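Understanding the architecture of this molecule
Each chain, written out:
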Amino acid sequence: MAELIDGKKISKDIKDETKEKVAALKEKGIETSLAVILVGNDPASSVYVSNKKKACEYTGIRSLSYELPEETTEEELLKLIDELNNDVTVNGILVQLPLPKHINEDAVIKRISPDKDVDGFHPESVGRLSIGERGFQSCTPAGVIQLLKRSDVKIEGAECVVVGRSNIVGKPMAMLLIRENGTVTVCHSRTKDLREVTKRADILVVAIGKPEFIDASYVKDGAVVIDVGIHRKGEKKLCGDVDFASVEPVASKITPVPGGVGPMTIAMLMNNCYEAAVMQNKL
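Rules behind the numbers
Residues numbered from 1 in each chain as written. Predicted model: local features only at pLDDT ≥ 70, side-chain atom pairs only at ≥ 80, totals over all residues. Heavy atoms only, no water. Helix = DSSP H or I, 4+ residues; strand = E, 2+ residues; numbered from the N terminus. Buried < 20%, exposed > 50% of the residue type's maximum accessible area, 1.4 Å probe, protein only. Contact = heavy atoms within 4.5 Å. Axes fitted to C-alpha atoms, helices over the stretch in contact; angles between N-to-C directions. Parallel < 35°, antiparallel > 145°, perpendicular 65-115°, else oblique. Nonpolar A, V, L, I, M, F, W, Y, C, P; charged D, E, K, R; others polar. Salt bridge = Lys/Arg side-chain N within 4 Å of Asp/Glu carboxyl O.

1. Details of the environment of Glu3
Tracing the chain through its elements places Glu3 in strand 1 (residues 3-4). Take Glu3: its relative accessible area is 41%, and that puts it in the partly exposed class. Spatially, the C-alpha atoms of Glu3 and Ile37 are 38 Å apart, while their sequence positions differ by 34 residues. Among residues more than four places away in sequence, those in contact with Glu3 are Ser252, Lys253 and Ile254.

Structural data, given as structure tokens:
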């Protein structure tokens, strides 16, 4: 029976720590603030934005909300981002993805100042991460690192396999594991003999986007398994990219879905907002 890695508890610990740090900044007369932009009325995006607002309220971060209609033009959105980039009272800027099809997401991500890019998606943020400079780390992979560290999983020297190579999870995940001195292999849709590769992993991070794709046949006995995926299975049940029932008996530690990686993303976003305030105030 694997030990469950409790993302809800660990994310609350991080939010509590951030709350204390934000309060300490406020005592110095520095308020931490996050601008969140939502374009259109995608139901899932609305839920994510609502959760981010709640987290801001909990941690003492001032939340500025810009809810724009679906027909907002790319030019109008970029103009708003420019205004927020130039507003010294705004520390972080987040544009909720996905955007309506008529807006170029890449252009929007690149328009956000790297110094306010609390999502960690800007090419400059990715570049800083790759060469080990101080900058914003993509929230979900950064959350995975915290889950591992706070669950006493030793990354240094471990054989780490990341399944998935997206810009938001897979690639930054690999870079963060390398930064922690893990030995990292990245797998993807063109990987030959995927099972052979994943069965070498001491730490297996799965972000493949396919419901319950990874079963016990992909996992080495005693491996630590981190499931980044989330999918709706039927009316109410959620599942991840890992077949939990199959993998849990062979893993040493595993994240559940929900309640594993999910809560960590917003916790790390709050921490990035605090870091933004620190950097911008040259502390």
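2. Looking at the packing of helix 1 (residues 7-27) against helix 6 (residues 139-150)
Taken N-terminus to C-terminus, the directions of helix 1 and helix 6 make an angle of 105 degrees; their axes are 10 Å apart at the nearest point. In terms of orientation, helix 1 and helix 6 fall into the roughly perpendicular class. On helix 6, the residues that touch Gly7, Ile10, Asp13, Ile14 and Glu17 of helix 1 are Gln146, Leu147 and Arg150. Here the contact of helix 1 with helix 6 is composed, by residue class, of three nonpolar, two polar and three charged.

3. A word on the pattern of salt bridges
Under the counting rule described, the total for this entry stands at 16 salt bridges. Its salt-bridge partner being Glu275, residue Arg134 comes within 3.6 Å of it at the nearest N-O pair. Placement of Arg134 in the loop between helix 5 (123-131) and helix 6 and of Glu275 in helix 10 (residues 262-280) is noted, with a sequence separation of 141 residues between them. Here Glu275 falls in the partly exposed class, since its relative accessible area comes to 24%.

4. Some details on the environment of Val95
Position of Val95 relative to the elements: it lies in strand 4 (residues 92-95). Residue Val95 is classed as buried on the basis of its relative accessible area, which comes to 5%. Taking the C-alpha atoms as reference, Val95 lies 9.0 Å from Ile81; in sequence the two are 14 residues apart. Excluding residues that lie within four positions of it along the chain, Val95 makes contacts with Ile37, Ile81, Val108, Ile112 and Asp119.

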